[in-house]
Amino acid sequence: MQTVPARVNPSKGRLALVMILAIYPLITVLLYILAPLTEGWAVWHRTILIAPIMVLSIVFVVSPAIQRYFGWFVARMPSPTK
């Protein structure tokens, strides 16, 4: 008979914390880069430009990096030793 691995119950609070720590600097840098280029634009114009960049960054860069490097922290597991 095969054993079923225990189900991991990840912490949403820890995931939120790590996401905030990763996303805040990314948003800040993006705003500093785009602010001079979008001077005089309405807020919704800036938002429509920034939103797709942020979503793609989160989906394809930030989230996979968090899963790879901090998955143990989000899953409430001990730090892996190398």
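Residues numbered from 1 in each chain as written. Predicted model: local features only at pLDDT ≥ 70, side-chain atom pairs only at ≥ 80, totals over all residues. Heavy atoms only, no water.

- The protein chain is annotated in an unreviewed UniProt entry as Transmembrane protein.

## What to know about the UniProt feature "transmembrane region" (unreviewed entry) in the protein chain
(1) Moving on: In the numbering adopted here, UniProt assigns the feature "transmembrane region" (unreviewed entry) to residues 15–35 and 47–66.
(2) Moving on: In residues 15–35, the share of helix is 95% and the share of strand is 0%. The end C-alpha atoms are 29 Å apart.
(3) Moving on: Taken end to end, residues 47–66 is 100% helix and 0% strand, and its first and last C-alpha atoms sit 25 Å apart. (UniProt positions renumbered as here; feature names shortened; annotations may be inferred. Helix = DSSP H or I, 4+ residues; strand = E, 2+ residues; numbered from the N terminus.)

## Things to note about unusual backbone geometry
(1) Moving on: The phi dihedral of R76 is positive, around 60 degrees, even though this residue is not glycine.
(2) Moving on: In this fold, R76 is placed in the segment after α2 (43–74).

## Comments concerning the packing of helix α1 (residues 12–34) against α2
(1) Moving on: Running from amino to carboxyl end, α1 crosses α2 at an angle of 145 degrees, the nearest separation of the two axes being 9 Å. Relative to α2, the crossing made by α1 is right-handed. When α1 is examined against α2, the residues R14, L15, V18, M19, A22, I23, L26, I27, L30, L31 and L34 are found in contact with a partner set consisting of L49, I50, I53, M54, S57, I58, V62, I66, F70, F73 and V74. (Axes fitted to C-alpha atoms, helices over the stretch in contact; angles between N-to-C directions. Left-handed = near helix turned anticlockwise from the far one by under 90°. Contact = heavy atoms within 4.5 Å.)

## Digging into the side chain of T38
(1) Moving on: Take T38: it is sitting in the loop between α1 and α2.
(2) Moving on: The residues touching T38, leaving out its near neighbours within four places in the chain, are R46 and L49.

## Section: the nonpolar core
(1) Moving on: In terms of nonpolar packing, the biggest core is built from nine residues, these being V18, I23, L30, L34, I50, M54, V62, I66 and V74.
(2) Moving on: For this core, the secondary-structure elements that each account for two or more residues are α1 and α2. (Core = buried A, V, L, I, M, F, W, Y, C linked by side-chain atoms within 4.5 Å. Buried < 20%, exposed > 50% of the residue type's maximum accessible area, 1.4 Å probe, protein only.)

## Examining the side chain of S57
(1) Moving on: On the secondary structure map, S57 appears in helix α2.
(2) Moving on: Once you skip the residues sitting within four places of it in the chain, S57 turns out to touch L26 and V62.

## A word on the packing of aromatic side chains
(1) Moving on: For the structure shown, the criterion picks out one aromatic pair.
(2) Moving on: Plain terms: the ring middles of W72 and F73 are 5.9 Å apart, the flat faces sit at 75 degrees to each other, and that makes the pair edge-to-face.
(3) Moving on: Given a relative accessible area of 26%, F73 falls into the partly exposed group.
(4) Moving on: Taking NZ or CZ as reference, R14 lies 4.6 Å from the ring centre of F73, over its face. (Phe/Tyr/Trp six-rings, centres within 6.5 Å; stacked < 30°, edge-to-face > 60°. Lys NZ or Arg CZ within 6 Å of the ring centre and 35° of its normal.)

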